[in-house]
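# Inside the fold
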Amino acid sequence: MIYLRLIWAYLKIGIFGFGGGYAMLSLVEHSVVDPGWITETTFTDIVAISQMTPGPIGINSATYIGYVAPGQVAPDTFSGPLWGLLGSIICTLAVVIPSYLLVLYSSHFIRRHSESGVIKAIFSGLRPVVVGLIASAAILLMNEANFNPNHIAAELYTNIGICAASFLLVYFPLLLPGGRKVKLHPIIVIIFAGMTGLLLYGF
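The present account deals with the structure reproduced in this document. (Residues numbered from 1 in each chain as written. Predicted model: local features only at pLDDT ≥ 70, side-chain atom pairs only at ≥ 80, totals over all residues. Heavy atoms only, no water.)

### Quick word on the overall build of the protein chain
Secondary structure summary: the protein chain contains 10 helices and 2 strands in total. Counted from the first residue to the last, the protein chain has its helices and strands arranged as α-α-α-α-α-α-α-α-α-β-β-α. Seen through its C-alpha atoms, the protein chain measures out along the principal axes to roughly 55 × 55 × 25 Å. In the protein chain, which comprises 203 residues, the share counted as buried stands at 29%. Sequence-distant contacts, at least 24 apart, represent 55% of the contacts inside the protein chain between residues at least 6 apart. For the protein chain, the computed accessible surface area is about 12,700 Å², with 72% contributed by carbon and sulfur atoms. (Helix = DSSP H or I, 4+ residues; strand = E, 2+ residues; numbered from the N terminus. Buried < 20%, exposed > 50% of the residue type's maximum accessible area, 1.4 Å probe, protein only. Contact = heavy atoms within 4.5 Å. Areas by Shrake-Rupley, 256 points an atom, 1.4 Å probe, with all protein chains shown as cover.)

Spelled out as structure tokens, the structure:
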């Protein structure tokens, strides 16, 4: 049954998906796209929506995937908002509860042994791993579903340009008249990028 499989998948994500939402993206994709519950295009759309909505990306994506997965796996049986709502609740709780319990225990343990050489060595080893997992998430999202879903060369180059422009606007400050520098808020860049997509592809 799809709900039991979702519970098992998100329990594993909640237990082993350390390093934050970006770091667990590859694990989430392996758990929900490979079995065929959602398509790769849907997954990238979910990531985009999870980024724009308040809250951690891991929890937001779990809520969204729990809503859409049952209807896509068994549309004749689990179609309708109530089945989707049940899936959202199940996936959200399954990904949150293990993490909550682990953090609750580990924070108490780390506070007691914060000066331990073993604890310091463990964190020294975990830092580069988390950086690598976040980098793998960035590479994971640089796929055809994001940049060229319609297999049109012009769209590929346009989407790469939007991505590069968004990065530059967020990372580098704008130089205004008078020598004043202003960094754009990421929300403003998201709005501009969405409007650009609407103008290019929506009409």
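Next comes the rest of the description.
### Some thoughts on the layout of surface pockets
In this structure, the largest pocket occupies an estimated 1,600 Å³ of space. Considering the residues around the largest pocket, the lining is formed by 35 residues, among which A48, N146, C163, S166 and A193 are closest to the centre. Counting only elements with at least two residues in the lining of the largest pocket, the list comes to α3 (40-52), α7 (117-141), α8 (144-147), α9 (153-171) and α10 (186-201). Partitioning the lining of the largest pocket into residue classes produces 24 nonpolar, 9 polar and 2 charged. (1 Å grid on protein atoms, 1.4 Å probe; cavity = no way out; pocket = protein on both sides within 12 Å on 5 of 7 lines; lining within 4 Å. Points joined across faces, edges and corners; volume = space filled by probe spheres on them. Nonpolar A, V, L, I, M, F, W, Y, C, P; charged D, E, K, R; others polar.)

### Details of the side chain of E29
Position of E29 among the secondary structure elements: in helix α2 (residues 25-32). We note that E29 is buried and unpaired, the nearest opposite charge coming from K12 at a distance of 14 Å. (Lys, Arg positive; Asp, Glu negative; His and termini not counted. Salt bridge = Lys/Arg side-chain N within 4 Å of Asp/Glu carboxyl O.)

### Let's talk about the side chain of T44
With respect to the helices, strands and loops of the structure, T44 is situated in helix α3. For T44, the contacting residues outside a window of four places in its chain are L141, N143, A145 and N146.

### Some points on α3
With 13 residues, α3 extends 19 Å from end C-alpha to end C-alpha; this agrees with the ideal 18 Å at 1.5 Å per step. Among all positions in α3, only T42, F43, T44, I46, V47 and S50 are buried. (Expected span 1.5 Å × (residues − 1).)

### A look at the packing of helix α1 (residues 2-16) against α2
The contact between α1 and α2 brings their axes to 10 Å, and the two run at 165°. Classified by the angle between their axes, α1 and α2 sit roughly antiparallel to one another. Judged by the twist between their axes, the crossing of α1 over α2 is right-handed. Note on element contacts: α2 touches α1 through L27, V28, S31 and V32, opposite A9, Y10, K12, I13 and F16. (Axes fitted to C-alpha atoms, helices over the stretch in contact; angles between N-to-C directions. Parallel < 35°, antiparallel > 145°, perpendicular 65-115°, else oblique. Left-handed = near helix turned anticlockwise from the far one by under 90°.)

### Looking at the packing of aromatic side chains
One pass over the full model with this rule turns up 5 aromatic pairs. On the numbers, 5.1 Å between centres and 85° between planes, the contact of Y3 with F78 is edge-to-face. Of this pair, Y3 sits in helix α1 while F78 sits in helix α5 (residues 75-78), and the two are 75 residues apart along the sequence. Relative accessible area serves as the criterion here: at 4%, Y3 is assigned to the buried category. Judged by centre distance (5.4 Å) and plane angle (10°), the rings of F167 and Y171 are stacked. With a gap of 4 residues between them, F167 and Y171 both fall in helix α9, about one helical turn apart. A relative accessible area of 51% means that Y171 is categorised as exposed. An aromatic cluster of at least three residues, connected via ring pairs, comprises Y3, F78 and W83. (Phe/Tyr/Trp six-rings, centres within 6.5 Å; stacked < 30°, edge-to-face > 60°.)

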